[in-house]
Amino acid sequence: MKKRCFYIAIVVLFLSACSKSNNTGGTTVTPPIVAPDTTLQNTLPFPIGASVSISLLQNNTKYSNLAKKEYNSLTAENAMKFAGLHPSQNTYTWTDADYFVNFAQANNKRIHGHTLLWHQSLPSWVTNFVGDSTAWENLMKTHIQTVVAHFKGKVASWDVVNEAFEDNGSLRNSIWRQKLGNDYVARCFQYAYQADTSVLLFYNDYGHEYSSTKRAAIINMLNTFKSRGVPVHGIGLQFHTNYTQSDANIAAAITAAAGTGLKVHISELDVALNAGNNPALTLTASLAEQQATKYKFIFKIYNAIPAAQKFGITTWNIGDADSWIPRQYNRPDWPLPFDGNYLRKPAYYGILDGIK
Ligand code: XIL
């Protein structure tokens with residue numbers, strides 16, 4: 001009889017362990033013990049942000065509550081891009097971006113503007129625009145100055161130009177470079193500064209951690225801007241990275257950025273688990289732990305740069321189900337610190353560990 005009770009107890013224990021599995025791929029995750037009021041924003045020694053989708057903010061209370069609770073800085077994932085704000089030459093549509101700004105202000109969040117000039121998210125009136133170099137210059141300047149003026153006093157900072165470089169370190173031959181010439185990036189910063197002399201101006205790009213050539217080209221441009229007196233205050237490292245990226249590369253990217261003396265923003269962080277695009281991949285406890293280790297390392301290295309340069313770290317959206325990665329690459333992936341139910345993943349605790 002005793003033996004039988006013992007076996008029943010074992011089975012009960014086993015079943016209760018299994019029931020703790022969540023839907024993050026069937027892994028059993030035992031969260032570390034943290035104080036019940038712990039959040040990212042009240043724990044990290046620098047601003048912590050997320051990019052947000054306006055429709056999720058409006059329609060999903062779990063999402064908007066988590067945005068309020070965990071973060072103290074917000075970026076609009078798409079709502080402040082050219083196509084969203086400026087759908088035809090004489091029309092600006094502020095509705096979504098203004099909703100975002102009101103949400104952020106009502107909840108005391110810093111607002112990072114993204115982005116004034118990019119080769120993507122362009123409306124067809126721009127890609128089809130016919131005009132000489134003066135007309136193109138005017139188009140670019142008007143867009144930048146109208147948008148910066150609209151959000152003046154509300155937005156703390158802007159990604160002025162996004163992704164102007166190729167991975168090989170050459171200037172991307174975007175429509176902007178074709179129409180405006182090689183020095184257009186500098187002029188974008190000057191126009192933005194004319195419209196708002198107190199907003200912080202960032203150059204934002206990806207690949208610093210995997211292309212040392214691209215990193216050097218970007219840093220060289222920014223150092224040149226500083227010596228020419230072009231108004232630039234920060235460097236944005238997107239960091240759409242993955243768990244196999246080497247610690248040495250990550251550290252090199254962050255320390256080189258800090259070497260410019262500019263503010264450093266890890267601006268679009270996600271740590272993908274399925275860079276190989278395996279359509280059948282599932283999330284295992286081991287992958288989740290390795291992701292946590294990578295998040296931890298990134299936060300640790302970032303926290304070591306001089307305090308005045310720590311503009312903050314922003315993840316690219318909040319929960320795994322909201323991430324652009326699965327949609328963009330048509331694959332399963334789980335790149336963020338919260339799972340599809342907005343529960344804290346090991347990556348979340350990795351972040352907390354990183355700043356200890
Ligand atoms: C992405 C958004 O996440 C997607 O929703 C959208 O469809 C395309 O743009 N680098 C950037 C971001 O600077 O603006 C991009 O955001 C992701 C890559």
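Residues numbered from 1 in each chain as written. Predicted model: local features only at pLDDT ≥ 70, side-chain atom pairs only at ≥ 80, totals over all residues. Heavy atoms only, no water.

(A) Region of the structure containing the overall build of the chain. Helices and strands together make up the secondary structure of the chain, namely 15 helices and nine strands. Against the compact-globule benchmark of 21 Å for 356 residues, the chain has a radius of gyration of 22 Å, which places it among compact chains. Its C-alpha atoms give the chain principal-axis dimensions of about 90 × 40 × 40 Å. For the chain, the residues scored as buried account for 51% of the 356 residues in total. Look at the contacts in the chain between residues 6 or more apart in sequence, and 78% of them connect residues 24 or more apart. Split by element, the accessible area of the chain, about 15300 Å² in all, is 53% carbon and sulfur. Taking the average place of the 31 positive charges on the side chains of the chain and the average place of its 24 negative ones, the gap between the two points comes to 7 Å. (Helix = DSSP H or I, 4+ residues; strand = E, 2+ residues; numbered from the N terminus. Rg over C-alpha atoms; globule rule 2.2 N^0.38 Å. Buried < 20%, exposed > 50% of the residue type's maximum accessible area, 1.4 Å probe, protein only. Contact = heavy atoms within 4.5 Å. Areas by Shrake-Rupley, 256 points an atom, 1.4 Å probe, with all protein chains shown as cover. Lys, Arg positive; Asp, Glu negative; His and termini not counted. Charge placed at Lys NZ, Arg CZ, Asp CG, Glu CD.)

(B) Main features of helix α13 (residues 285-303). If you check α13, its first and last C-alpha atoms are 27 Å apart, about what 19 residues at 1.5 Å a residue would give, namely 27 Å. Inspection of α13 places L287, A288, Q291, A292, K294, Y295, F297, I298, F299, I301 and Y302 among the buried residues, and these make up the whole buried set. On its buried face, α13 sits against β1 (48-52), β7 (240-242), α12 (247-258), β8 (263-272), β9 (310-315) and α15 (346-354). (Expected span 1.5 Å × (residues − 1).)

(C) The confidence of the model for the chain, seen in detail. On average, residues of the chain carry a pLDDT of 93, and 92% of them reach 70 or more. Of the regions scoring below 50 in pLDDT, residues 5-28 engages in 15 contacts with residues more than four places distant in sequence or in other chains. (pLDDT = per-residue confidence, 0-100.)

(D) The arrangement of the site of the ligand in detail. Neighbouring residues of the ligand: E77, N78, K81, H114, W118, N162, E163, Q238, H240, E268, W316 and W324. Here an oxygen atom of the ligand and a side-chain polar atom of N78 are 3.0 Å apart. Here an oxygen atom of the ligand and a side-chain polar atom of E268 are 2.8 Å apart. Burial of the ligand by the surrounding chains reaches 81%, relative to a free accessible area of 410 Å². Among the detected pockets, the ligand sits in the largest pocket. Across the shell around the ligand, the residue classes tally to three nonpolar, five polar and four charged. (Near = heavy atom within 4 Å. Polar contact = N/O pair within 3.5 Å; in protein donor to acceptor, adjacent residues only side chain to side chain. 1 Å grid on protein atoms, 1.4 Å probe; cavity = no way out; pocket = protein on both sides within 12 Å on 5 of 7 lines; lining within 4 Å. Sits in = over half its atoms within 2 Å of the grid points. Nonpolar A, V, L, I, M, F, W, Y, C, P; charged D, E, K, R; others polar.)

(E) Region of the structure containing helix α6 (residues 95-106). Between its first and last C-alpha atoms α6 spans 16 Å; for twelve residues at 1.5 Å apiece the expected length is 16 Å, and the two agree. Along α6, the residues that are buried comprise A97, F100, V101, F103 and A104. Angular distribution of buried residues about the axis of α6 spans 160 degrees; they occupy a single face of the element. α6 presents T95 and A106 as exposed residues on the side facing more than 90 degrees away from its buried surface. Trailing α6 by a residue or two, N108 shows a phi angle of about 65 degrees, which is positive. (Arc of directions from axis to C-beta.)

(F) Quick peek at the layout of surface pockets. What the largest pocket holds in volume is close to 670 Å³. What lines the largest pocket is a set of 27 residues, among which Q238, H240, W324, Q328 and Y329 lie closest to the centre. Among the secondary structure elements, those contributing two or more residues to the lining of the largest pocket are β7, β8 and α14 (324-329). Top contributing element to the lining of the largest pocket by residue count: α14, with four residues. Each residue belonging to the lining of the largest pocket can be placed in one class, and the counts come to nine nonpolar, twelve polar and six charged. By volume, the second largest pocket is sized at about 150 Å³. In this structure, the second largest pocket is lined by 13 residues; those nearest its centre are I54, N78, A79, G84 and D96. (Points joined across faces, edges and corners; volume = space filled by probe spheres on them.)

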